[in-house]
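Residues per chain, in single letters:
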Amino acid sequence: MLTDIFDEDMTLRSDRLILRRLAKGDRDDLYEIFSDREVMRYYDVLPFDDIAQAEEMLDRFIGGYSDRSMMRWGIEYNGKMVGTCGFFGFKEDCKKAEMGYELNSSFQRMGIMSEALGMILGFIFDKTDINRVEAYIEPENTASLATAEKLGFVREGTLRQYECCRGGIIDITVWGMLRSDRQKH
Ligand SMILES: CC(C)(COP(=O)(O)OP(=O)(O)OC[C@H]1O[C@@H](n2cnc3c(N)ncnc32)[C@H](O)[C@@H]1OP(=O)(O)O)[C@@H](O)C(=O)NCCC(=O)NCCS
């Protein structure tokens, strides 16, 4: 089953990154990320201006491990939690999940997120029978589009005027990675 991943030890390591469970102690690093206007530019929520919002978000991430709705990793680089990434929207019947991610702007363009996403994709494709991972990305979010493309996601199309966001209605591009795409990449 897809949600069997919640029974696995989710800690993943590379030469420079540790991907691990988020914990209450990550509050300040999480606030640094989610209060940054640049990071939040393409999000449907305003940048945080109260540390309590970071606490609530952490509670949601941590709650996702126990109710098996969301698996979010903290990305640790040189002892600092610089970003998060993970899966949510698990659909057991059609073997798919959605992927989300964000990185502290001081650590962007160093290859950190493509490395971290490569690690968690390896984890989910190896440990479960998932067939499809998808990502929904705004057409202007160049960094995220380039990241999805670099990982081998396929741009499948544009959902026109799909989402109510920041006071307007916006298009969203859909990206998918199938198990068979991954074997080819
Ligand atoms: C998207 C994001 C996570 C990318 O993280 P990152 O660690 O900087 O990305 P990487 O360094 O691994 O780069 C991956 C690819 O994207 C490209 N890229 C990254 N930022 C870019 C930018 N601002 N403009 C153009 N290309 C960019 C890189 O050049 C690289 O491609 P290449 O190796 O072929 O040159 C980061 O920009 C971010 O946190 N953005 C705000 C939050 C967000 O939008 N999350 C996604 C919501 S859908």
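Provided above is the structure to which this section pertains.
Residues numbered from 1 in each chain as written. Predicted model: local features only at pLDDT ≥ 70, side-chain atom pairs only at ≥ 80, totals over all residues. Heavy atoms only, no water.

Colleague: Requested: an account of the packing of aromatic side chains, with residues and values cited.
Modeller: Taken as a whole and assessed by the stated rule, the structure comprises 7 aromatic pairs. When the centroid spacing of 5.3 Å and the interplanar angle of 20° are considered together, the rings of Phe34 and Phe48 count as stacked. With a gap of 14 residues between them, Phe34 in helix 1 (residues 27–34) and Phe48 in the loop between helix 1 and helix 2 (51–67) connect regions that are remote in the sequence. Among the residues examined, Phe34 registers a relative accessible area of 2% and is labelled buried. On the accessibility criterion, Phe48 (9% relative accessible area) is buried. Arranged with centres 5.9 Å apart and planes meeting at 75°, the rings of Tyr77 and Phe107 form a pair that is edge-to-face. One end of the pair, Tyr77, is in strand 3 (residues 70–77); the other, Phe107, is in the loop between strand 5 (96–103) and helix 3 (112–127), and 30 residues separate them in sequence. Side by side, Tyr77 and Phe107 carry an identical accessibility label, which is buried. Aromatic ring contacts, followed pair by pair, group Phe34, Tyr43 and Phe48 into a single cluster. (Phe/Tyr/Trp six-rings, centres within 6.5 Å; stacked < 30°, edge-to-face > 60°. Helix = DSSP H or I, 4+ residues; strand = E, 2+ residues; numbered from the N terminus. Buried < 20%, exposed > 50% of the residue type's maximum accessible area, 1.4 Å probe, protein only.)

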